[in-house]
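# Fold and geometry: a report
Below are the chains, spelled out letter by letter.
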Amino acid sequence: PLGHGFTRPHTDDRRPLLVGGGAGIAPLAILQDELERDGGPSPVVFLGFRDAIHAAGAALLRDAAVVTQDGSGFRQGLVTELLAEALDEDDSARVYTCGPAGMLEAVRALCAQRSVPAQLALESGMACGFGACYGCVVSTRGGGYVRLCVDGPVLDAELLERVDPHAGAPA
């Protein structure tokens, strides 16, 4: 429980879209409960996995649309394809995402292209946990750095030029 988690909007008509991949879906289950308890628009959930065996964790979230890379058990594809389809229908959304770095980068880029606000839960080795060692830094837009253990691990997508390959959940 280091740093800052997802920030829920206090007054916002944007539809919350929860986008998760692999082991990165766990924080979204808690966020789904919190968003539903807040009484705002009901969150829409998109989950992606390598295969049906890894997709067993999808049961943690309610009413999730699930894809697998190999097509076993579910529609074949990438979770970002589900996100793109949803944004094609209505881009008045706010995206919350957690998963592997490649997926996070694809979500970040898609949201940036469409001016959709997004929050990304990044992951990095956190040796000290209070910002002294700088072992968990990720680069930000404009050349700066943030420490995930104190400034994150959840960051607004607009802070990042790209998601560093080491900054995602295990695949």
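Details of the structure are given in the entry above.
None of the values given here were measured: they were computed from a predicted structure. (Residues numbered from 1 in each chain as written. Predicted model: local features only at pLDDT ≥ 70, side-chain atom pairs only at ≥ 80, totals over all residues. Heavy atoms only, no water.)

## Observations regarding the environment of arginine 75
- By secondary structure assignment, the location of arginine 75 is in strand 4 (residues 75-76).
- A residue is classified by how much of its surface remains accessible, and arginine 75, at 39% relative accessible area, is partly exposed.
- Spatially, the C-alpha atom of arginine 75 lies 33 Å from that of leucine 159, the residues being 84 residues apart in sequence.
- Setting aside chain neighbours within four positions, we find arginine 75 in contact with Val66, Val67, Thr68, Glu81, Leu82 and Glu85. (Helix = DSSP H or I, 4+ residues; strand = E, 2+ residues; numbered from the N terminus. Buried < 20%, exposed > 50% of the residue type's maximum accessible area, 1.4 Å probe, protein only. Contact = heavy atoms within 4.5 Å.)

## Some thoughts on the environment of serine 139
- Within the secondary structure, serine 139 sits in strand 7 (residues 137-139).
- Along the chain, serine 139 and arginine 75 lie 64 residues apart, while their C-alpha atoms are 35 Å from each other.
- When neighbours within four sequence positions are excluded, serine 139 is seen to be in contact with Gly144, Tyr145, Leu160 and Asp164.

## A few points about the pattern of salt bridges
- Summed over all chains, the structure comprises 10 salt bridges.
- Between glutamate 105 and arginine 108 there is a salt bridge, with its nearest N and O atoms 2.8 Å apart. One end of the pair is glutamate 105 and the other is arginine 108, both in helix 3 (residues 101-114) and 3 residues apart, which spans about a single turn.
- Look at glutamate 105 and you get partly exposed, because its relative accessible area is 22%.
- Residue classification places arginine 108 among the buried positions, given a relative accessible area of 9%. (Salt bridge = Lys/Arg side-chain N within 4 Å of Asp/Glu carboxyl O.)

## Here we look at the nonpolar core
- Counting residues in each nonpolar core, the largest one holds 32 residues, and the members touching the most others are Leu17, Leu83, Val95, Leu122 and Val163.
- Those elements that place two or more of their residues in this core are strand 1 (15-21), helix 2 (79-89), strand 5 (93-98), helix 3, strand 6 (118-121) and helix 4 (148-151).
- Discounting chain neighbours no more than four positions away, the residues touching leucine 83 are Leu17, Val19, Phe46, Val95, Val107, Leu110 and Cys111.
- Core analysis: the next-biggest nonpolar cluster, separate from the first, contains 18 residues, Ile25, Ala29, Val45 and Leu47 among them. (Core = buried A, V, L, I, M, F, W, Y, C linked by side-chain atoms within 4.5 Å.)

## Notes on the packing of helix 2 against helix 3
- Running from N to C, helix 2 and helix 3 cross one another at 15°; their axes reach a closest spacing of 10 Å. As far as their axial angle goes, helix 3 and helix 2 are roughly parallel. In this structure, helix 2 crosses over helix 3, and the sense of that crossing is right-handed. Of the residues in helix 3, those in contact with Val79, Thr80, Leu83, Ala84, Leu87 and Asp88 of helix 2 are Met103, Ala106, Val107, Leu110, Cys111 and Arg114. (Axes fitted to C-alpha atoms, helices over the stretch in contact; angles between N-to-C directions. Parallel < 35°, antiparallel > 145°, perpendicular 65-115°, else oblique. Left-handed = near helix turned anticlockwise from the far one by under 90°.)

## A closer look at the pairing of strand 2 (residues 44-49)
- Strand 2 sits mainly inside the fold: 5 of its 6 residues count as buried.
- Where strand 1 and strand 2 come together, 5 bridges link them in parallel fashion. Pairing of glycine 21 across the sheet is with glycine 48, part of strand 2.
- In this structure, strand 2 lies alongside strand 3 (residues 64-68), joined through 5 bridges in parallel fashion. Of the residues in strand 3, the one forming a bridge with leucine 47 is valine 66. (Pairing = 2+ DSSP bridges.)

## Re unusual backbone geometry
- Between glycine 152 and the following residue, proline 153, the backbone shows a cis peptide bond with an omega angle of 5°.
- Relative to the elements of secondary structure, proline 153 occurs in the loop between helix 4 and strand 9 (154-156).
- Even without a glycine there, the phi angle at aspartate 63 is positive, about 55°.
- Residue aspartate 63 is classed as exposed on the basis of its relative accessible area, which comes to 77%.
- Here the phi dihedral of serine 115 falls at roughly 55°; this positive angle occurs in a residue that is not glycine.
- With respect to the helices and strands, the residue serine 115 is situated in the loop between helix 3 and strand 6.

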